[in-house]
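Structure assessment
Now for the letters of each chain:
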Amino acid sequence: MPGLKELKRNVTETPEVPQTDQAQTTEAQTEVSQTATVPTATPVPKGMTEAKFTHSAGFPDVLANAGCSLLISTYQAGQLISVGAGESGLVFSFRRFDQAMGVAVGAEIAVGARDQIWFLREHSELAPGIPPEGTFDRCFIPRRSAVTGGVQSHEMAWTVDADQKPDLWFVNTLFSCLAGLDSNFSFVPRWRPPFISELAAQDRCHLNGMAMRDGLPAFVTVLAPSDEPAGWRKLPNDSGAVLHVPSGEVVARGLAMPHSPRWHDGSLYVLNSGMGRLERVDVATGQRSAVAHMPGYARGLSIHGDLAFIGLSKIRETAIFGGSPIAKYHDQLICGVGVVELSTGTTVATLQFSSGINEIFDVQVVPDTRCLSLGGSPGAGDEVWLIPGSRR
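Right, let's walk through the structure included here. Computed from a prediction, not measured in an experiment: that's the story for all the values here. (Residues numbered from 1 in each chain as written. Predicted model: local features only at pLDDT ≥ 70, side-chain atom pairs only at ≥ 80, totals over all residues. Heavy atoms only, no water.)

On to the state of the cysteines. Inspection of every chain in the model, using the stated rule, returns zero disulfides. Considering cysteine sulfurs only, Cys-205 is the nearest to Cys-177, which forms no disulfide, with 9.7 Å between them. (Disulfide = S-S within 2.5 Å.)

Read across the open sheet, the four strands follow the order E10-E11-E12-E13; overall the sheet is antiparallel. Where the open sheet ends on each side, the last strands, each with one partner, are strand E10 (153-160) and strand E13 (188-191). Strand-to-strand twist across the sheet, computed as the mean angle between neighbouring axes with direction ignored, equals 35°. Two strands pair when backbone bridges link them, and strand E12 (residues 177-180) and E13 are joined in this way by three bridges, in the antiparallel orientation. The partner of Ala-179 across the bridge, within E13, is Pro-189. (Pairing = 2+ DSSP bridges. Helix = DSSP H or I, 4+ residues; strand = E, 2+ residues; numbered from the N terminus. Axes fitted to C-alpha atoms, helices over the stretch in contact; angles between N-to-C directions.)

Our next topic: the sheet that holds strand E7 (residues 108-112). Taking strand neighbours across the sheet as the criterion, the five strands line up as E6-E7-E8-E9-E27 in an open arrangement whose pairing is mixed. In the strand order of this sheet, the two ends are held by strand E6 (103-105) and strand E27 (372-373), each with one partner. Where strand E9 (residues 138-147) meets E27, two bridges bridge the pair, whose relative direction is parallel. Its bridge partner being in E27, Arg-138 is matched across the sheet by Leu-372.

Below, the structure is given as structure tokens:
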């Protein structure tokens, strides 16, 4: 692999994939191994599958000191996962959503799924009594959904409308647009890149990521600026770009399968997924600089203070991912979450799934939360029920 000096000379050349132990943590190299049971839609004994994971010794402290927990979605395993810091280590809660993708945290939690967007309402009055009792301080339970059809809802974010009511924006990848919801329609198109000539269910550019600024979408990522049906699949892997919203102007180009743009503290960040990198973008010049190199296909980013929580996935052996630069190191890649200190570019903690889960789609921080329960999954024996006059 190339050295760091070579990478700094040309950020678009070759990915640098840290070895797992190098990417763990600066404070301790000790790993903690645990096993969780994950509800699954496939018929396995007792409706459960085993997910083994390890984490750097400091991962629970990172969450505790940041005063937050995490929500992780996995399209491959069909799960929304909550990760928090309990008294004796990490605490997990699972909820099954078929093809779980984008996640938005607000007064409600929104989760994009196969053909609908689910909304989880807070019922934290139930949290203390959910087993193990005293573990959870918040609880969100699915209460409604909006049927969109299979539009491939990627990233999403909450804002407020003109009447100051909660309003959800989401990336409608199939129709190459940003959209909103209306109970009278499958979705309401709100913006599309200027090179997309018409609204069509053809995934022309693989619009996938969205960065909010001052309450409105400000930047998006596409895998290629194509106006042909599935045209992005036919173009080179480094055809990815960051676009400005609403102008549609190209802010940065030459990225390998970019995802998850984020505006934070006056700077634009993006995951150059096919290179396994977190990058900072100069919006005036389009120049990109590497903040951190990650040991996985980077997709899903949430920034909290000086910490960037980054989703990491293994590479599937397909024509799409197989052509990405990082694919040549597929045997070294991990699935999990890396935590990067933005001010130094140092990876300070990692969570790694070694079985059961191979791909991460989104990662979102839930602030002011220790451990969040998702109310269990139907048929898994741990579901929380809401009945008048009852607490469970």
